[in-house]
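One letter stands for each residue in the lines below.
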Amino acid sequence: MPLNPYGVLKGKIIRGIPAPPTGDSTPHYHAVVKADGREYKLAINVQSREQPSELLYLVRDKCRQFHS
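Residues numbered from 1 in each chain as written. Predicted model: local features only at pLDDT ≥ 70, side-chain atom pairs only at ≥ 80, totals over all residues. Heavy atoms only, no water.

Draft legend 1. Representation of the overall build of the chain in the model. Within the chain one finds zero helices and three strands. When the helices and strands of the chain are listed from N to C terminus, the series reads β-β-β. A total of 68 residues make up the chain; the buried ones form 7% of that total. Put simply, 18% of the contacts in the chain that link residues at least 6 apart link residues at least 24 apart. For the chain, the accessible surface area stands at approximately 6800 Å², while carbon and sulfur atoms represent 53% of it. (Helix = DSSP H or I, 4+ residues; strand = E, 2+ residues; numbered from the N terminus. Buried < 20%, exposed > 50% of the residue type's maximum accessible area, 1.4 Å probe, protein only. Contact = heavy atoms within 4.5 Å. Areas by Shrake-Rupley, 256 points an atom, 1.4 Å probe, with all protein chains shown as cover.)

Draft legend 2. Just unusual backbone geometry, in detail. One non-glycine residue, Asp36, adopts positive backbone phi at about 55°. Given the relative accessible area of 79%, Asp36 is considered exposed.

Draft legend 3. Inspection of the sheet that holds strand 1 (residues 12–17) at higher detail. The strand order 1-2-3 describes an open sheet built from three strands, whose pairing is antiparallel. The sheet is open, and its two borders are formed by strand 1 and strand 3 (38–45), each paired with just one other strand. Taking the axes of each pair of neighbouring strands and ignoring which way they run, one obtains an average angle of 25° across the sheet. Relative to strand 2 (residues 28–35), strand 1 runs antiparallel, the two being bridged by five bridges. (Pairing = 2+ DSSP bridges. Axes fitted to C-alpha atoms, helices over the stretch in contact; angles between N-to-C directions.)

Draft legend 4. Highlighting the pairing of strand 2. Sheet analysis places strand 2 next to strand 3, joined by eight bridges and oriented antiparallel. Residue His30 lies in a different strand from strand 3, and its bridge partner there is Ala43. Where strand 2 folds back on strand 3, the antiparallel hairpin that results is connected by two residues, among which Asp36 adopts a positive phi of roughly 55°.

Spatial relationships are all this shows, so hold off on functional conclusions.
Here it is in structure tokens:
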């Protein structure tokens, strides 16, 4: 099921800032990602109350492109 207007960003996280302890019921983790020569600022809701609320991610130290 698509979640418009969301998409996929592939890049390297160069900064990350945890959500401050403000008592917010939907705290956001802030990250800066470098991809394709640009920097993108992301606000990631880490405790969403809306469905679907799954957060999918992949962290790899050494990423290689595989050819079949």
